[in-house]
Each structure stands twice: as structure tokens, then as C-alpha cells.
Amino acid sequence: MKAAQGEFEKALATGAATPEETTSMTRTLFGIAASTQQYQKTIDYGKTMVDNGTATNDNLAIIAQSYYLLKDCKDSGIWADKAIAAARKAGETPKENLFLFKLQCASDAGDTPGMDAVLTDLIKLNNKTTYWNTLLRIERQDERDDHNTLMIIASCTTPTP
């Protein structure tokens, strides 16, 4: 894979490739970088595909994951939001792992409101008991009154457009 990557990079660097070849090589390099855990290169090739209008929803998700694996929660969240929006625009269900990146980052930062928001999105996405339990545990820790907890439950059961 590394040898192929080097050859594709050399070919791109010449500038002699047609636009179609450049798109194909960039997509291949993106795949190689992602599969060989070269997260920064994955991000760079992914951004090139975004700039050229050739990135898919899955590519956006891989960019978000790459930022997450580089411990860059800010950019991971930005790209996760882009992937979620693109999936919804395409009429697809967003991938659960995009929300999980955001949830872990919020948890690591001690951002309880951020965790609440992501857990609410996860509950709307798939209604898993685990997410309900986590959300309710967080709410109990914050010692909210029952009215506020009921409001949160109501917001989780309201369908997302």
C-alpha cells in the first residue's frame, strides 16, 4: 500500500493528470491513507475531495473520525456535523458513530449540556435504552427537578424533521 501511495503521490505531483485522473487518484490516496491510519493525510485528501465536490457522506464521516483519532475534538465535531447534515440532506439516516465522537468529546471536556444534546440526538436516532439511561443518570446527577427531566424526555420523543 505504501509503495502504491508513493507512486500515486508522484503522479499527482507532476500535474500531468487529467481532472478525472486527479479525482480518481485523490480518492485512492484518501482510501490508502485511511486504511493505513495516516489520519492527517486522510484529512488532507478528504478536504481536497470536498473542495472538488467529489466527497461522499461516508468520506465526510471518515474525515470526522480521523480528527477524532488525532484527538482534535473541535474539528471532529465540525466534520461530524457536516456528515450528519449531508446524510439528512440525502434522505439517509446519519451514522451513529458520528454522534458517539461528539459524545465522547463532550464527556472528556466535562461538557454536560453538550452530552445532553448529543444523547438527545442519539435517542431520536435509535431510541436505545443505553442512551436513555445515560441521559437520565446525568440529569439525576445535576439534581434537576422532575419538571425539567420531563421536559428533556419530551424533547427526546419529538420526531426530528
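Note that the structure is a prediction, hence the values are computed from the model and not measured. (Residues numbered from 1 in each chain as written. Predicted model: local features only at pLDDT ≥ 70, side-chain atom pairs only at ≥ 80, totals over all residues. Heavy atoms only, no water.)

1. Here we look at helix α8 (residues 129–141)
Just so we agree on the cut-off: For the purposes of this entry, the term helix denotes a DSSP run of H or I that reaches at least four residues, the term strand denotes a run of E that reaches at least two, and both are numbered from the N terminus. Expected span of a helix, by definition, is 1.5 Å for each gap between consecutive residues, and there is one gap fewer than residues. Here's how the labels work: a residue is buried when its accessible area is under 20% of the maximum for its type, exposed when over 50%, partly exposed in between, all with a 1.4 Å probe on protein chains only. To obtain the arc, one takes the directions from the helix axis to the C-beta atoms.
Taking 1.5 Å of rise per residue, 13 residues should cover 18 Å, and α8 covers 18 Å from first to last C-alpha, within 8% of that figure. Taken together, the buried positions of α8 are occupied by Tyr 131, Trp 132, Thr 134, Leu 135, Ile 138 and Glu 139. Around the axis of α8, the buried residues are gathered within 165° of arc, so they sit on the same side. When the buried face of α8 is taken as reference, the exposed residues oriented beyond 90 degrees from it are Thr 129, Thr 130, Arg 140 and Gln 141.

2. Some remarks on the packing of aromatic side chains
Condition: Two aromatic rings from Phe, Tyr or Trp, using only the six-membered ring of Trp, form a pair when their centres are within 6.5 Å; if the ring planes differ by under 30 degrees the pair is stacked, by over 60 it is edge-to-face, and anything between is tilted. The criterion for a charge sitting over a ring is simple: Lys NZ or Arg CZ within 6 Å of the ring centre, and within 35 degrees of the ring normal.
Under the criterion given, the structure shown has one aromatic pair. Its end group placed over the ring of Trp 79, Lys 82 keeps NZ or CZ at 3.9 Å from the ring centre.

3. Thoughts on the environment of Gln 37
In this fold, Gln 37 is placed in the loop between α2 (19–35) and α3 (39–52). In sequence terms Gln 37 and Ser 66 are 29 residues apart; their C-alpha atoms lie 8.4 Å from each other.

Coordinates in, geometry out; function isn't part of it.
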